[in-house]
Amino acid sequence: MRIIRDIRDMQSASRAAKAQGSTICFVPTMGALHEGHLSLVRYARTQGTLVVVSIFVNPLQFGPTEDFNQYPRTLEADCAKLEAEGVEIVFAPSPAQMYPEGAKTVVYVEGLSEKLDGLSRPGHFKGVSTVVAKLFNIVKPDYAIFGQKDAAQVAVLRRMVRDLNMDLELIVSPTVREADGLALSSRNVYLTPEQRCQALVLHRALLKVEAEAKSGETSAEKLRSIALSVLASEPAAKLDYLEIVNPDTLEPVEDTSKGALVAVAAAFGATRLIDNVLLPKL
Ligand code: AMP
C-alpha cells in the first residue's frame, strides 16, 4: 500500500493507473477509521480496480468553536486497517498542501448548504463541498463512496456533482451501527459510558418513526411528534434538529408516502451526534 502525501504525486499515480485501464474507486475520510469507514472501503473494492482512501481532517469544515484541534488523529492505526483491507493508495495531504496561502476558490452549493447541519454549523457544507471537489480533482475517481450516515452531506455532494458535471458516479453505502443501534462515528470516542447510553435515544426515536411509517402513518407532522416524544424521554439529549425532509432537496415534506429522510442531531454533553433513516416510497 502506498501512502501519498503530495498532491502532484497523487495526481500522477491516478493518471498512471488510468492509463493502465484501472477504474479508481475513492473513499474520502477524516481518519479515526471504524467499521463504518471500512464498510465503504469494502464496497469500493467491489466497484473499482484501484481503491484510494483519503485521510484529511479538513479545517475548512469546522467552525471556530468546534473540535478541529481535538478531532482524533490515528494515521498509523488507520493505515494498518486499510492495508489489511487491501487498499492500494492512502492519500494523506497536510492542510498547508490543500490550502496554500492565497487560496481563494470555494465550492458552494446554494440552498442545500444551509439546511439541517448547515443551519447549526454555518460554513460546514461549504468546507465539505470545497474539499471534496479538490479531492476529486486530485484523485480523479470513477466512483466515490459516501455513507448514508451523513445524509445531508450526500444531498449537497450529489447536487455538486450534477451541477458541475463532474465525471464520476457517487455511491451511497448504508449506515453501520453498533450491536445496540448506536451509529458508528469517530466522535463516539468523546462520549462517557453514561452519555453513550443516553445517545441510544437517537436510534430509538428513528426506529419508532420507521415502525409507525411501516404501519401506514404518512403524516410528517405526526411522525415528527412521535420522534420528539421519544427524544424527550432522554432529558440529557440536547436536540439540535429533528426534520422530515425530501432526501434530495432537504426541504421539509408534509407527506412521507413518496419517501422521506428523517434526520436528527443532538448533543450529549459537548458531543454532537447525527443519525437518520430513509422512509421508503410506498
Ligand atoms: P468522516 O471520516 O466522518 O468524514 O466519514 C467519512 C465517510 O464515512 C463519510 O462518507 C461518512 O458518511 C462515512 N461514515 C461515517 N460513519 C459511518 C457509519 N457509521 N456507517 C457508514 N458510513 C459512515
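Check the entry above for the structure.
Student: Help me understand a nonpolar patch on the surface in this model?
Tutor: Together, Leu60, Val106 and Tyr108 give the surface a local cluster of nonpolar side chains, amounting to about 250 Å² of exposed area. The residue Val106 is located in the loop between α4 (95-98) and α5 (117-120) in this model. According to the relative accessible area criterion, Val106 is partly exposed, its value standing at 45%.

Student: I'm lost on the site of the ligand in this one. Help?
Tutor: Near the ligand, the surroundings consist of 17 residues, among which Met30, Gly147, Asp150, Val176 and Leu184 are the closest. Here a nitrogen atom of the ligand sits 2.8 Å away from a polar atom, N or O, in the main chain of Val176. Its free accessible area being 480 Å², the ligand has 92% of it covered by the protein chains. Contributing elements (two or more residues each) for the shell around the ligand: β2 (24-29), α2 (35-47) and β5 (143-147). Counting residues per element, the shell around the ligand draws most heavily on α2, at 3 residues. Tallied by class, the residues present in the shell around the ligand amount to 8 nonpolar, 7 polar and 2 charged.

Student: Explain the packing of helix α1 (residues 7-19) against helix α6 (residues 124-139) to me, please; I cannot follow it from the model alone.
Tutor: Two packed helices can be described by the angle between their axes and the distance between those axes. Axis separation between α1 and α6 bottoms out at 7 Å; the angle between their running directions is 55°. The pairing of α1 with α6 is recorded here as oblique in orientation. From α1, Ile7, Met10, Gln11 and Ser14 reach across to α6, where they touch Asn137, Ile138 and Val139. For the contact of α1 with α6, a count of residues per class yields 4 nonpolar, 3 polar and no charged.

Reading the values: the criteria
Residues numbered from 1 in each chain as written. Predicted model: local features only at pLDDT ≥ 70, side-chain atom pairs only at ≥ 80, totals over all residues. Heavy atoms only, no water. Patch = residues over 30% accessible without salt bridge, like charges linked within 9 Å, V, L, I, M, F, W, Y side chains within 5 Å. Areas by Shrake-Rupley, 256 points an atom, 1.4 Å probe, with all protein chains shown as cover. Salt bridge = Lys/Arg side-chain N within 4 Å of Asp/Glu carboxyl O. Helix = DSSP H or I, 4+ residues; strand = E, 2+ residues; numbered from the N terminus. Buried < 20%, exposed > 50% of the residue type's maximum accessible area, 1.4 Å probe, protein only. Near = heavy atom within 4 Å. Polar contact = N/O pair within 3.5 Å; in protein donor to acceptor, adjacent residues only side chain to side chain. Nonpolar A, V, L, I, M, F, W, Y, C, P; charged D, E, K, R; others polar. Axes fitted to C-alpha atoms, helices over the stretch in contact; angles between N-to-C directions. Parallel < 35°, antiparallel > 145°, perpendicular 65-115°, else oblique. Contact = heavy atoms within 4.5 Å.

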